[in-house]
Amino acid sequence: MRSIVLALPVMAGLIVACQNADPKDPEGFAVLPEGFDDVEIGRVLHLSPLPAHATDPTNRWSDDEGAARFGQLLFFDERLSKGEQHSCATCHLPDHGFADAHTVSEGVARLERHVPTLLNIAHHRWFFWDGRADSLWSQACAVIEAPLEMAGTRLGTAHLIASDDRLRERYEAMFGPLPSLQDTERFPLVGRPVPKDDPAYGDDGSHGKPGASGQEHHTHAAGNTFFHPHERNWNAMTDADRAAVNDVFANVGKALAAYQHRLVAIDSPFDRFVRGLRSGDAEDLAALSPSAQRGLHLFVGEANCFLCHSGPLLSDREFHDLRLPPGDGPIDDLGRQHGLEKVVADPFNGRGAWSDDVVAGSEMLDYLPQHHHANFEFKTPSLRNVALSPPYMHQGQFATLRDVVDFYSELEGARTSPPSVETVVVPLRLDEEQKQDLVAFLESLTGTLPAKTWRTPFQAESNE
């Protein structure tokens with residue numbers, strides 16, 4: 001690949017083009033940098049701006065300020081977890097781009113994947129690396145009960161809210177009265193459904209991932225049927241009482257999602273540069289360094305990065321097999337194929353009983369083409385704010401952005417078997433300057449962080 005050289009100090013080297021273009025037209029631009037053609041600039045214009053606001057029709061509380069503040073309380077509350085030592089913020093570190101610094105994260109136990117950023121998370125279509133949740137609120141519910149993450153239960157969550165005056169007052173102000181939970185025979189202190197493939201604690205008190213059958217936590221060594229205590233408690237309840245607890249749990253998820261909708265980081269140097277392309281404003285055009293501009297040219301040109309990192313989120317929001325080398329997680333992590341099965345079966349999905357818009361939620365699931373996905377496919381992450389949250393990939397395979405670029409350049413260590421049904425990446429054979437330029441462009445995607453009042457535990461006296 002030849003080296004691409006662009007000289008763009010402030011306005012020098014900018015050719016006035018499309019003189020009659022309307023800066024308000026998303027396809028229009030006022031200036032054309034030297035080296036870019038109009039097709040490449042059209043691609044650039046489709047990458048910015050990212051709308052500051054995203055709504056979820058399945059969550060009628062996603063825009064509610066009170067729900068967001070309640071969710072903020074819950075996000076930093078360790079009592080949602082088993083042992084009361086882990087909150088959402090334990091892995092989604094506000095000072096690390098709301099991501100985790102570990103290759104694979106540490107919850108109640110060691111996880112199997114890296115925890116990605118929550119910045120701009122509301123703009124995603126699928127959640128988790130394998131897309132096993134179709135909304136941010138169902139994702140939050142899943143994390144609370146995941147045995148490796150927070151290991152909480154929906155019954156425990158309901159009891160926590162009922163027992164804490166501050167949480168109870170805020171909950172009931174938005175969602176109405178809680179069920180009467182004082183009778184712990186009727187409403188045990190802990191309980192949840194336990195899926196057959198759930199890596200739950202065994203009947204002997206041990207903790208581990210189930211094997212191929214997924215039945216270890218349901219079967220004694222002698223072969224007798226075993227039900228996890230969480231499941232026994234849950235199954236002992238009436239249908240009406242289980243539904244009442246599910247109402248509370250879904251509302252907790254929706255409040256957590258409403259909070260995370262506020263974690264928006266936009267207006268990066270790249271966004272200002274694109275604004276300058278439309279307006280011709282010299283100050284905005286100068287927001288992107290010459291090196292970052294060369295990296296942008298590679299991104300939308302010869303390197304073809306935009307094919308997967310497309311649109312204002314800089315993600316196609318889909319799933320691909322990048323032939324990544326093994327990371328710190330299990331080598332048999334099959335990704336999207338298992339995620340498809342789980343999202344369809346999730347009672348909290350967008351077409352389920354707790355969705356606030358079943359029609360909109362069904363559009364996501366009714367025609368989901370499961371046969372189009374192979375093993376080892378994982379979600380394309382957004383590149384916005386990517387410099388804030390190393391390491392990278394679903395098992396933290398790469399420590400730095402330069403490591404990521406080096407991999408795409410040579411595909412050193414790429415997995416060769418089993419083959420993928422698609423060929424997403426080929427070696428780019430980048431030279432040293434091109435690698436530096438691509439990293440410079442990626443670093444230019446860091447936006448303005450949410451206000452500090454959204455990045456810290458909720459304090460009523462300072463936030464209201």
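Residues numbered from 1 in each chain as written. Predicted model: local features only at pLDDT ≥ 70, side-chain atom pairs only at ≥ 80, totals over all residues. Heavy atoms only, no water.

1. Some points on the overall build of the chain
Then, number 1: When its secondary structure is counted, the chain shows 17 helices and four strands.
Then, number 2: Considering the chain as a whole, with its 464 residues, one finds that 55% of them fall into the buried category.
Then, number 3: Restricting the contact set of the chain to residue pairs at least 6 apart, pairs at least 24 apart contribute 70%.
Then, number 4: Surface accessibility of the chain: about 20,200 Å² in total, with carbon and sulfur atoms responsible for 53%. (Helix = DSSP H or I, 4+ residues; strand = E, 2+ residues; numbered from the N terminus. Buried < 20%, exposed > 50% of the residue type's maximum accessible area, 1.4 Å probe, protein only. Contact = heavy atoms within 4.5 Å. Areas by Shrake-Rupley, 256 points an atom, 1.4 Å probe, with all protein chains shown as cover.)

2. Thoughts on helix α14 (residues 401-410)
Then, number 1: All of the buried residues in α14 are Leu401, Val404, Val405, Phe407 and Ser409.
Then, number 2: Its buried side turned inward, α14 meets α15 (432-443).
Then, number 3: Directly after α14, the chain includes leucine 411, whose backbone phi takes a positive value near 55 degrees.

3. Comments concerning the nonpolar core
Within soluble globular proteins, side chains that are nonpolar generally end up buried alongside one another.
Then, number 1: Core analysis: the biggest nonpolar cluster contains 54 residues, and Phe70, Phe75, Ile161 and Leu256 have the highest contact counts within it.
Then, number 2: When contributions to this core are tallied by element, the ones reaching two or more residues are α2 (65-75), α3 (88-91), α4 (136-145), α5 (154-163), α6 (165-175) and α8 (239-260).
Then, number 3: No other element matches α8, which puts ten residues into this core.
Then, number 4: Look past the residues within four positions of phenylalanine 75 in its chain and what remains in contact with it is Ser87, Cys88, Ala89, His92, Phe98, Leu118, Leu256 and Tyr259.
Then, number 5: Within the second largest apolar cluster, 45 residues are counted, among which are Phe36, Cys305, Leu322 and Val404. (Core = buried A, V, L, I, M, F, W, Y, C linked by side-chain atoms within 4.5 Å.)

4. Things to note about unusual backbone geometry
Then, number 1: Proline 49 follows serine 48 through a cis peptide bond whose omega is 5 degrees.
Then, number 2: Structurally, the position occupied by proline 49 is in the loop between α1 (38-45) and α2.
Then, number 3: The linkage connecting proline 390 with the following residue, proline 391, adopts the cis geometry, with an omega of 0 degrees.
Then, number 4: With respect to the helices and strands, proline 391 occurs in the loop between β4 (378-379) and α14.
Then, number 5: Phi is positive for aspartate 267, close to 60 degrees, though the residue is something other than glycine.
Then, number 6: By secondary structure assignment, the location of aspartate 267 is in the loop between α8 and α9 (269-279).
Then, number 7: For leucine 314, which is not glycine, the phi dihedral falls at a positive 55 degrees.
Then, number 8: Considering the arrangement of structural elements, one finds leucine 314 in the loop between α11 (290-300) and β3 (319-320).

5. What to know about the side chain of glutamine 260
Then, number 1: When you line up the elements, glutamine 260 lands in helix α8.
Then, number 2: Contact partners of glutamine 260, with chain neighbours within four places excluded, come to Leu118, Ile121 and Leu136.

6. So, empty space enclosed by the protein
Then, number 1: Summed over the entire model, instances satisfying the criterion amount to two cavities of 30 Å³ or more.
Then, number 2: Considering the residues around the second largest cavity, the lining is formed by Ala52, His53, Ala54, Asn120, Ile121, Ala122, His123, Gln260, His261, Leu263 and Val264.
Then, number 3: Looking at the lining of the second largest cavity residue by residue, the classes come out as six nonpolar, five polar and no charged. (1 Å grid on protein atoms, 1.4 Å probe; cavity = no way out; pocket = protein on both sides within 12 Å on 5 of 7 lines; lining within 4 Å. Points joined across faces, edges and corners; volume = space filled by probe spheres on them. Nonpolar A, V, L, I, M, F, W, Y, C, P; charged D, E, K, R; others polar.)

7. Examining the confidence of the model for the chain
Low pLDDT means the predicted atomic positions in that stretch should not be read closely.
Then, number 1: Of all residues in the chain, 84% attain a pLDDT of 70 or more, and the chain-wide mean is 87.
Then, number 2: Segment residues 1-26 is flagged for pLDDT under 50; beyond a separation of four residues in sequence, or across chains, it makes 58 contacts in the model.
Then, number 3: Confidence drops under pLDDT 50 across residues 201-223; counting only partners more than four residues distant or on other chains, this segment forms 46 contacts. (pLDDT = per-residue confidence, 0-100.)

8. Remarks on the environment of arginine 275
Then, number 1: Considering the arrangement of structural elements, one finds arginine 275 in helix α9.
Then, number 2: Classification of arginine 275 as partly exposed rests on a relative accessible area of 39%.
Then, number 3: Remark: the alpha-carbon pair of arginine 275 and serine 48, spanning 227 residues in sequence, is separated by 8.2 Å.
Then, number 4: Not counting chain neighbours up to four residues away, the residues in contact with arginine 275 comprise Asp267 and Asp284.
Then, number 5: Among the polar contacts listed, one links the side chain of arginine 275 to the side chain of aspartate 284, at a separation of 3.2 Å. (Polar contact = N/O pair within 3.5 Å; in protein donor to acceptor, adjacent residues only side chain to side chain.)

9. Some remarks on the packing of aromatic side chains
Then, number 1: The full count for this structure, using the stated rule, is 16 aromatic pairs.
Then, number 2: Ring plane angle 70 degrees and centroid distance 6.2 Å describe the contact between phenylalanine 70 and tyrosine 171, whose orientation is recorded as edge-to-face. With phenylalanine 70 in helix α2 and tyrosine 171 in helix α6, this residue pair connects regions lying 101 residues apart in the sequence. Here phenylalanine 70 and tyrosine 171 have matching classes, each one buried.
Then, number 3: On the numbers, 5.0 Å between centres and 55 degrees between planes, the contact of phenylalanine 299 with phenylalanine 441 is tilted. (Phe/Tyr/Trp six-rings, centres within 6.5 Å; stacked < 30°, edge-to-face > 60°.)

10. A few points about the pattern of salt bridges
Then, number 1: A complete count under the given rule lists 24 salt bridges for this structure.
Then, number 2: One salt bridge connects arginine 113 with aspartate 333, and the closest N-O pair in it is separated by 2.7 Å. Here arginine 113, found in the loop between α3 and α4, pairs with aspartate 333, found in the loop between β3 and α12 (336-345); they are 220 residues apart in sequence, far enough to count as distant.
Then, number 3: Residue class for aspartate 333 comes out buried when judged on its relative accessible area of 8%.
Then, number 4: The salt bridge partner of aspartate 356 is lysine 254, with a shortest N-O separation of 3.0 Å. (Salt bridge = Lys/Arg side-chain N within 4 Å of Asp/Glu carboxyl O.)

11. Some words on the packing of α5 against α6
Then, number 1: Where α5 meets α6, the closest approach of the two axes is 5 Å, and the angle between their N-to-C directions is 100 degrees. Put simply, α5 runs roughly perpendicular to α6. Facing α5, whose interface residues are Leu160, Ile161, Ala162 and Ser163, α6 presents Asp165, Leu167, Arg168 and Tyr171.
Then, number 2: Split by residue class, the contact of α5 with α6 holds five nonpolar, one polar and two charged. (Axes fitted to C-alpha atoms, helices over the stretch in contact; angles between N-to-C directions. Parallel < 35°, antiparallel > 145°, perpendicular 65-115°, else oblique.)

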